[in-house]
Amino acid sequence: MTNIQGMADSIRFLALDSILKAGEGHQGVPLGMAEIAATLYANHVKADPDDPLWPDRDRVILSNGHGSMLLYALLHLSGYEKVSLDAVKSFRVLHSVCAGHPEIEQDAGIEITSGLLGQGIACAVGMAVAEQRLQAQFGDALVDHRTWAFVGDGCLQEGMGQEAISLAGHLQLGKLTFLWDDNHITDDGDTELSISEDIPARFAAAGWHVECVDGHDIAALDAALTKAKADSRPSLIACRTIIACGIPRLQGQRGGHSAPLGPDDAVEARALRNWPHPAFEVPAEVYADWNNSMARGRDAAKAWRDRHSTHHQSAEFNRWQAGGFPQTWPHAWNDIVSEVPKDQPRATILSSGDVCDALVTVLPETLVLCADLEAPTNHKRSRAGFSGAARNGSYVHCGVREHLMGAMTDGIAAHGGLRPINVTYLAFADYERPAMRMAALMQLPTIFVFSHDSIGVGSNGPTHQPVEILASYRAMPNMRVFRPADAVETAEAWELALSHRTGPSMLALSRQDAEQVRADKGIDTCQENRSAAGGYVLAEAEGPRDVTLIATGTEVGLAVSAQQHLQERGINAAVVSLPCWELFEEQPDDYRAAVLGTAPRIGIEAALSFGWEKWLDRSDRFIGMSGFGASAKGPELYQHFGITVDAIVEAALDLTRQ
């Protein structure tokens, strides 16, 4: 007979000992949720610690990531090799797998990086969507698993928490279960200080199955988990718990969250819980219970491998999981690029939509998420919608829920098997910033496509004209920011984003028409991805350079026109397109020097100048924005703010006169 209470206390004391040794940490969650976690792993979770990357494993997310020792204790006790006892003892030590908050390391059982409250449960919604989409494609012989999330009060108080509740209920994600640590305590004190609504009723109103139980009653927890698995709706198990349960001085108190522990706390807790074992010692019979509990997952993994070995879709399943391209990809990609219209000025968001639509059949693993902007972003087209009734769709209508949508994108990418594509306006990128930062931190292969990239948006006004956002994302580590000049560069940005597997890519695209600067140059668009260098000479000067015009996005078209006007005045100007600063910075010094040249430079971008000092000296010029935009038609605003061919020509003439 498995002693689940003994399993729970092993979590409790490994956590307590690790936090005491580290001198800091958050004991409230692991001590308060020990019975919940032990019951889940003893009787319900499907995972194989010997094969932690098994694709059909259950996903377990610690959304309340400050309680990270709950997860590390679980993983160690379950038998994950990388979370050894020595690793647990190194909690919060530099380079330890047991970091202060969980940091993605899936071969150690850590599914995502978590800690910013709300991000974890929103990622869990994405993982549940991924499971259902993959099951629709490959069947339950290869895909049939659940997503579990440990959830705290803060996760549900964050606005994105309600977004997650709402959409998960609408999509009927029946394999998603939240385990809520309802301890009535936050860092400030009792939850009544800031919240009074009926939280289970919120879930019920959104179409969730709800169970309310004593979070320390193992039999009640087990029954609730069993009911959750049998229900076709997503499930909330509201677990009434005592924070820091087991420490007499702190349990049920505000200090139970993360107050410093002393040696006496460990002594008193051991006496209260009748745990006579020294620090970091777990009895062999308790380890045996953990090992026996994981036999269910090991057996399931073996049976899955047997099915996979003879499954008629196993090769395609493997390709999706690996994020690879089909053998036909080079030819198919050339066809996609060649078919994107390039014969007249056209918004780059439309060119992006052309590419995205063509990927439906070439890369069916792409999954587009869009925030109620199907028409203006134009990325649905022939894609079928993903819904509660149709799991094989490749377009998720997320509603006006950008905070959730960004984190869902992360969850889908972390789950594996799909290529998530997030689509909305660039002004809403700030709503998605925490999720995009987490994508960069986790090095997830996500693609964030943004339309309405500048003052070219026009009469919607400065609220929708993101003059500062390019600079802020260029400052984010491990984020590739693309602002393509035309249809060809847009396709090139897509190719680079699809090929990049170690971090997110962001495409900032125009609503206003872009001149087809590459097509006008007669370049063979199928042979060389010039944007791969981040920046390149689009049009060299006809003689020794007098000035270099450096631009991004639709302003490249202005630079090309200015070059022609300058040539008529005897000024030799080169035009440099700089679609991705991050890639350009990776190039050898001599390449960058050759592209930028030694002549005076003019930077041109309908955004703030912050960051342009990388490419411009103090004596150079910048033509762009110095503040927020205004409400008028796009062409009028470009004229009003002096982002014009005439302004470029005048600046170049002034520089060459010096």
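You'll find the structure just up there.
Presented here is a report on the structure given in the accompanying data block. (Residues numbered from 1 in each chain as written. Predicted model: local features only at pLDDT ≥ 70, side-chain atom pairs only at ≥ 80, totals over all residues. Heavy atoms only, no water.)

### Details of the sheet that holds strand 2 (residues 147-151)
Spatially, 1-2-3-7-6 is the arrangement adopted by the five strands of the open sheet, whose pairing is parallel. Edge positions in the sheet fall to strand 1 (59-62) and strand 6 (209-214), since each of these pairs with one other strand and no more. Direction aside, neighbouring strands of the sheet carry axes that sit 15° apart on average. Of the pairings in the sheet, the one linking strand 6 to strand 7 (residues 235-240) comprises six bridges and is parallel in character. Opposite Val213, over in strand 7, you have Cys239 as the bridge partner. Each of strand 2, strand 3 (176-182), strand 6 and strand 7 touches helix 10 (residues 218-230); the most contacted strand, strand 6, lies at about 170° to it. (Pairing = 2+ DSSP bridges. Helix = DSSP H or I, 4+ residues; strand = E, 2+ residues; numbered from the N terminus. Axes fitted to C-alpha atoms, helices over the stretch in contact; angles between N-to-C directions. Contact = heavy atoms within 4.5 Å.)

### Some remarks on the pairing of strand 19 (residues 573-577)
For strand 19, the buried fraction is high: five of the five residues fall into the buried class. Burial of strand 19 is two-sided: the residues Ala573, Val575 and Ser577 facing one way and the residues Ala574 and Val576 facing the other way are all buried. With helix 23 (residues 555-568) bridging strand 18 (residues 547-551) and the parallel strand 19, this β-α-β connection has right-handed handedness. (Buried < 20%, exposed > 50% of the residue type's maximum accessible area, 1.4 Å probe, protein only. Right-handed = clockwise from strand over helix to strand, strands pointing away.)

### Describing the sheet that holds strand 20 (residues 601-608)
Taken in spatial order, the five strands make up an open sheet running 17-19-18-20-21, and their pairing is mixed. Here the strands that pair on one side only, and so sit at the sheet edges, are strand 17 (536-539) and strand 21 (621-625). Sheet twist, expressed as the average angle between the axes of neighbouring strands with direction ignored, equals 30°. In the sheet, strand 17 pairs with strand 19 via three bridges, with the strands oriented antiparallel. If you follow Tyr536 over to strand 19, its bridge partner there is Ser577.

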